Amino acid sequence: MFEHITPYAGDPIFALVDAFNQDSRPHKVNLSIGIYFDEQGRLPVLPSVQEAERRILAEGGAKPYLPMEGLAACRTQVAQLLLGPQHPALAEGRVATIQTVGSSGGLKVGADFLRTWLPNSDVWVSDPTWDNHRSMFEGSGFTVKAYPYYDAATGGLRFEDMLACLKGLPPRSIVLLHACCHNPTGVDLSSAQWDALIPVLRERQLLPYLDLAYQGFGQGIAEDAYSVRALAASGLTFFVANSFSKSMSVYGERCGALSAVCASQAEADLVLGQLRYTVRRIYSSPGLHAASLVAHVLGDADLRSMWEGELAQMRQRMLEVRQALHTRLCALAPQHDWGYVLSQRGMFSYTGLSAEQVDRLREEHAVYLIRSGRLCVAGLTQANVDRVAQALVKVV
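None of these values were measured; they are calculated from a predicted model.

Can you walk me through the overall build of the protein chain in this structure?
Across its full length, the protein chain carries 16 helices and 13 strands. Rg of the C-alpha trace for the protein chain: 21 Å, near the compact-globule value of 21 Å for 396 residues, within the 12% margin. The buried share of the protein chain, taken over its 396 residues, is 55%. Residue pairs in contact within the protein chain that sit at least 24 positions apart in sequence constitute 76% of those at least 6 positions apart. Accessible area of the protein chain: about 17200 Å², with a carbon and sulfur share of 53%. Side chains of the protein chain carry 35 positive and 39 negative charges; the gap between the two charge centres is 2 Å.

Even after reading the chapter, I still don't get empty space enclosed by the protein, so can you show me in this structure?
Think of a ball as big as a water molecule: rolled over the atoms, this probe shows where empty space is left. Applying the stated criterion across every chain yields a total of one cavity of 30 Å³ or more. Roughly 30 Å³ of internal volume is contained in the largest cavity. Surrounding the largest cavity, Leu 81, Gln 215, Asn 242, Ser 243, Phe 244, Ser 247 and Trp 307 form its lining. Among the residues making up the lining of the largest cavity, the classes are represented as three nonpolar, four polar and no charged.

Sorry, what's going on with the pattern of salt bridges here?
Two side chains bearing opposite charge may form a pair once their charged atoms approach each other closely. Counted according to the given criterion, the structure contains 19 salt bridges. Across the pair Asp 38 and Arg 42 runs a salt bridge whose closest N-O atoms are separated by 3.4 Å. Residue classification places Asp 38 among the buried residues on the basis of a relative accessible area of 14%. Linking Arg 304 and Glu 308 is a salt bridge whose minimum nitrogen-to-oxygen distance equals 2.7 Å.

Help me understand helix H1 (residues 12–22) in this model?
When we look at burial in H1, the residues that qualify are Ile 13, Leu 16, Val 17 and Phe 20. For H1, the angular spread of buried residues about the axis comes to 105°, placing them on one side. Residues of H1 that are exposed and angled more than 90 degrees away from the buried face: Pro 12, Phe 14 and Gln 22. Of the surrounding elements, those touching the buried residues of H1 are strand E1 (29–30), helix H15 (355–365), strand E12 (367–368) and strand E13 (374–376). At the N-terminal end of H1, a side-chain oxygen is found 2.9 Å from the backbone nitrogen of Ile 13, two or three residues along, and the residue is Asp 11.

Can you walk me through unusual backbone geometry in this structure?
Glycine aside, residues mostly have negative phi angles, and peptide bonds mostly take the trans form. Cis geometry marks the peptide bond from Asp 127 to Pro 128; its omega dihedral reads 5°. Relative to the assigned elements, Pro 128 resides in the loop between strand E3 (123–127) and helix H6 (131–139). Put simply, Asn 183 and Pro 184 share a cis peptide bond, and its omega is 25°. Looking at where Pro 184 falls in the secondary structure, it is placed in the loop between strand E7 (174–178) and helix H8 (191–203). Backbone geometry at Gln 205 places phi at a positive 55°, although glycine is not the residue there. Structurally, Gln 205 can be placed in the loop between H8 and strand E8 (207–212).

Calculation notes
Residues numbered from 1 in each chain as written. Predicted model: local features only at pLDDT ≥ 70, side-chain atom pairs only at ≥ 80, totals over all residues. Heavy atoms only, no water. Helix = DSSP H or I, 4+ residues; strand = E, 2+ residues; numbered from the N terminus. Rg over C-alpha atoms; globule rule 2.2 N^0.38 Å. Buried < 20%, exposed > 50% of the residue type's maximum accessible area, 1.4 Å probe, protein only. Contact = heavy atoms within 4.5 Å. Areas by Shrake-Rupley, 256 points an atom, 1.4 Å probe, with all protein chains shown as cover. Lys, Arg positive; Asp, Glu negative; His and termini not counted. Charge placed at Lys NZ, Arg CZ, Asp CG, Glu CD. 1 Å grid on protein atoms, 1.4 Å probe; cavity = no way out; pocket = protein on both sides within 12 Å on 5 of 7 lines; lining within 4 Å. Points joined across faces, edges and corners; volume = space filled by probe spheres on them. Nonpolar A, V, L, I, M, F, W, Y, C, P; charged D, E, K, R; others polar. Salt bridge = Lys/Arg side-chain N within 4 Å of Asp/Glu carboxyl O. Arc of directions from axis to C-beta. Polar contact = N/O pair within 3.5 Å; in protein donor to acceptor, adjacent residues only side chain to side chain.

Shown next, in the form of structure tokens:
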């Protein structure tokens, strides 16, 4: 029956994690997978989330199936987090939000929805992008193409080339955009660049699809949602998938959401109905515990304040290790331009290393990056940053 099946090559990132775990060298450093670790190299458990969980357990009660769209309190809090509680789009009822199985679940639900209702559209992703973006949309039947984004020569953004490409796309093309903390490059659009991009999206009748997996890891909760709020204010229809895996350190709980900001309440109601049906055909309904965590943390003033402080501490730690890495690299190899370490934002930095140089880092120095050269800043600590800097200098 299954003799014809081809072997699965495996996911390159998870394969690296397996290799790292099997590596017996005591000085090994894992900068591959996109997970936030604290200064001791541990996966943190946030006090705000712990307290939310304590309250959930104390409340007890039955554990029914959630509706297909998820827990109402969770959905309300997510929409307000994305747009701000007073955004006109919320008051006008133009936002359809569903709880999803992580932001990956949101991306998949959105991809299946769009394949049904915009079957003749192509999907355009940044060059480069998170590998799973392409896989998910291709898995839903889309043709996926790339628009210019990262400038290898400067470590920055090819913004004019990006605009020129988007200006030539057919109407109703779906454009996947990273709202902040671009994965894998850490290169983001500025607020001014978003303001210049939005008229192009409107004039070409393009559908933006935002991935917001790192809200709060760039500049701040509101600042990192600038693109979402600006697009909503412009009247454009768009999708945004967001995640709490990193910002609440609840990776295995699969806390995510998908929101569609529409032209009217009537359209939002239609979209919500079909998103429900799409969920029903995939996993039927999302998890109760994940929804309860998000609703408690965001919906309680004390827990919300505690969480925002914890998130600020995580963001500050990543800024500090970026600075430490940059300082050490400049001291070791002042002739090299290391400016990208500071100009890029969020969890990742794009080193510009070749696959062969990345292999050398792993084999000779026990420093693990993925072969694109992406470095997970959140894996750096003050204790290992010097070793990492010395290893980088030896392979460039």
